[in-house]
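# Analysis of the macromolecular model
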Amino acid sequence: MREFGGGGAVPTGIEKGASHLRPPWHRLLAGGRRQRRSYVIGVLALLLVGVAVIFPFTQKVWAISVDGQVVGWAEDKEQVADLGATILKEDGSPPEAAGRVSYSEVPKRQVNLSAEEDLRKELARTLLGLREGYTITVAGEPLVRVASEADAKAVIEGIKDSFNSGPEVEVKDVTLQEEVSFRAEMVKASEIRGIEEAVTYLLRGTDETKEYEVKSGDSLWSIARAHDLRVADLEKANPGLKGYLQPGQKLNLVVPKPYVNVITQEEKTVTEKIPFETQTVKDSTLYTYEKKVRTPGQAGSKQVTYSIVRQNGQVLEQEVINTVVEKEPVTQVVAVGTKKPTIVGTGSYVWPVSRGGTITSRFGRRGSSFHEGVDIAAPTGTPVLAADDGVVVLAGWKGGYGKCIIVEHGNGSATLYGHLSQILVQQGHKVEKGKTIGLVGSTGKSTGPHLHFEIMQSGVKKNPLNYFTHK
Ligand SMILES: [Zn+2]
């Protein structure tokens, strides 16, 4: 108000007028024209000065606040309100957020009006919660916001490192199939992601998470089926998964649709076995039923280097680029006998069932078929004896005979023992007359425990009972 006091020019002017000896009102009414005009000009000048001096103190502008914090000053409240509404609308925020903006009148002289651009930026920053950050774009599409340049770089490194295949692998090259870049810009604080979260999002293409805990008896197939997935999807969602599942293991069920595809080129060197080969040699010092290992085989080993190209951890290509043999395999040499057995049976037979047994079916026609031996019933487990000296030429399952032994006696004769519960000799073994070679049973086509016994002479089945005079 000190400057308002400058209005003291008014009385000064009057005093000047007072130098004439007439009262001013008289001079106004009756004074000369010239004097009256100068008086009017004086008053008008006074008003103009007054307005010029006072106006800045009386003119008001709007201080604009968001959440109580002043963001700028403007003359036109409506224009600011429109600006705020446009910002919210463009962002897709609810229009009610405009209620966070408040206005208060302040004298214009105390503030500097904000430039419209500055006001727009401040409104956007405060209304939308923007801050400085970095936007990561993939193939030009902005996908992820992070807090800093260092974070943006760490995300890209994190993507490249995400499919590390293990210690024996040497990563030669990692490339991203899509162009990934980042730029500084104002971003919404609420959209800023941590490094790990950003990596996961870019590699999976979604924030969705769904896990399954493996239960005993589960297989990849059963889990895939239960969740309407394919096994290949499960493998994609769980890179590095081995076929063997352990109860309690967590499987990711969200099939990735990555924004960024990571191509890794690796080299992997592993030690592999080289299997040995087997060579047979003839040996006239061994019987035809004998075999002897002359040189035991030994597996070799080799260092094999593979070049592997993976996409998101899944093998695309694999080829052997180098092989170094560390140890050659040793071929196994087996001698096979060529000497004919000289064992010749005595020509007389012992009864093949220990403690006799009971004859239940004789040699000859039996209904529409022909019974080619004799059936001797005895309890299961009763010893079965070699009827004469010989060599076992068959010891194993033989169709309806079940577990069966055939012994050749070297003089054109052979005996057969069927339906055994156990075989106690091996093919190629020499057996002596009267030695236990098996146990009575009911294997094969049999209705109860018994020995089916045959005698062959030069390939012809004979009636066994003809060889035993006492029965
Ligand atoms: Zn029989």
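Throughout, residues of each chain are indexed from 1 in the direction in which the sequence is written. Given that this is a predicted model, residues contribute local features only at a pLDDT of at least 70 and side-chain atom pairs are listed and counted only at 80 or more, while totals for whole chains, interfaces and linings are drawn from all residues.

## Some thoughts on the overall build of the protein chain
Cut-off, in case you're wondering: Each helix corresponds to a stretch of at least 4 residues labelled H or I by DSSP, and each strand to a stretch of at least 2 residues labelled E; elements are numbered beginning at the N terminus. Put simply, a residue is buried when 20 or more other C-beta atoms lie within 10 Å of its own C-beta and exposed when 12 or fewer do; between those, it is partly exposed, and each C-beta is set from the backbone.
Helix and strand content of the protein chain: nine helices and 28 strands. With 471 residues in all, the protein chain has 21% of them scored as buried.

## Regarding the pairing of strand 23 (residues 413-420)
As a reminder of what qualifies: Note on pairing: DSSP must find at least two bridges between two strands before they are called paired.
In terms of residue burial, strand 23 counts as a mostly covered element, since eight of its eight residues are buried. Sheet topology places strand 22 (residues 403-408) next to strand 23; five bridges connect them, and they run antiparallel. Across the sheet, Lys403 pairs through a bridge with Leu420, a residue of strand 23. Hairpin connection of strand 22 to strand 23: four residues between the antiparallel strands, including Gly410 at a positive phi of 80°. In this sheet, strand 27 (residues 450-457) lies alongside strand 23 in antiparallel orientation, the contact comprising six bridges. Among the inter-strand pairings, Leu416 is bridged to a residue of strand 27, identified as Glu454.

## Describing the sheet that holds strand 3 (residues 101-107)
Keep this limit in mind: Helix axes are fitted to C-alpha atoms over the stretch in contact, other axes to C-alpha atoms as well, and angles between N-to-C directions run from 0 to 180 degrees. We call two residues in contact if the C-beta atoms placed from their backbones are at most 7 Å apart.
With respect to topology, three strands assemble into an open sheet ordered 2-1-3, the strand pairing being antiparallel. Each having just a single partner strand, strand 2 (69-74) and strand 3 make up the two edges of the open sheet. Pairwise comparison of adjacent strand axes, ignoring direction, gives a mean angle of 30° for this sheet. Across five bridges, strand 1 (residues 60-66) lies against strand 2 in antiparallel orientation. Within the sheet, the bridge partner assigned to Ser65 lies in strand 2 and is Val70. Along the sheet face, helix 4 (residues 77-91) touches strand 1, strand 2 and strand 3 and points at about 20° away from the line of strand 1. Against the sheet, helix 5 (residues 116-128) touches strand 1 and strand 2, its axis set at about 155° to strand 2.

## Observations concerning helix 5
Stated precisely, the cut-off is as follows: Multiplying 1.5 Å by the residue count of a helix minus one yields the expected span of that helix.
With 13 residues, helix 5 should reach 18 Å at 1.5 Å per residue; the first-to-last C-alpha distance of 18 Å fits that figure. Those residues of helix 5 that are buried are in contact with strand 1, strand 2, helix 4 and strand 4 (130-138). At the exit of helix 5 stands Gly129, carrying a positive phi of roughly 65°.

## Comments concerning the sheet that holds strand 20 (residues 383-385)
Taken in spatial order, the three strands make up an open sheet running 20-26-24, and their pairing is antiparallel. Each end of this open sheet is capped by a strand with a single partner; those strands are strand 20 and strand 24 (422-423). Examined bridge by bridge, strand 24 and strand 26 (residues 436-439) share two bridges and lie antiparallel to one another. Bridging across to strand 26, Ile423 finds its partner in Gly438.

## Some points on the environment of Thr443
With respect to the helices and strands, Thr443 occurs in the loop between strand 26 and strand 27. On a C-alpha basis, the gap between Thr443 and Ser421 in space is 6.3 Å, while along the polypeptide they are 22 residues apart.

## Thoughts on unusual backbone geometry
Its identity as a non-glycine residue notwithstanding, Ala139 has a phi of 50°, on the positive side. With respect to the helices, strands and loops of the structure, Ala139 is situated in the loop between strand 4 and strand 5 (141-146). Of note, Ser458 is a non-glycine position whose phi angle comes to about 50°, a positive value. Inspection of the secondary structure puts Ser458 in the loop between strand 27 and strand 28 (460-462).

## Observations concerning the confidence of the model for the protein chain
To keep things clear, this is the line we draw: By definition, pLDDT measures how confident the predictor is in each residue, and it falls between 0 and 100.
On average, the protein chain scores 86 in pLDDT, and the residues at 70 or more come to 90%. Scored below 50 in pLDDT, residues 1-26 shows 16 contacts in the model against residues more than four places distant or in partner chains.

## Concerning helix 7 (residues 195-204)
Quick reminder of the rule: When we speak of the arc, we mean the arc of directions from the helix axis to the C-beta atoms.
Within helix 7, the full set of buried residues consists of Ala198, Val199, Leu202 and Leu203. Along the axis of helix 7, the buried residues cluster in a sector spanning 125°; they form a single face. Looking at the buried residues of helix 7, the elements they touch are strand 4, strand 5 and helix 6 (149-161). Of the residues one or two after helix 7, Gly205 is the one with positive phi, at around 75°.

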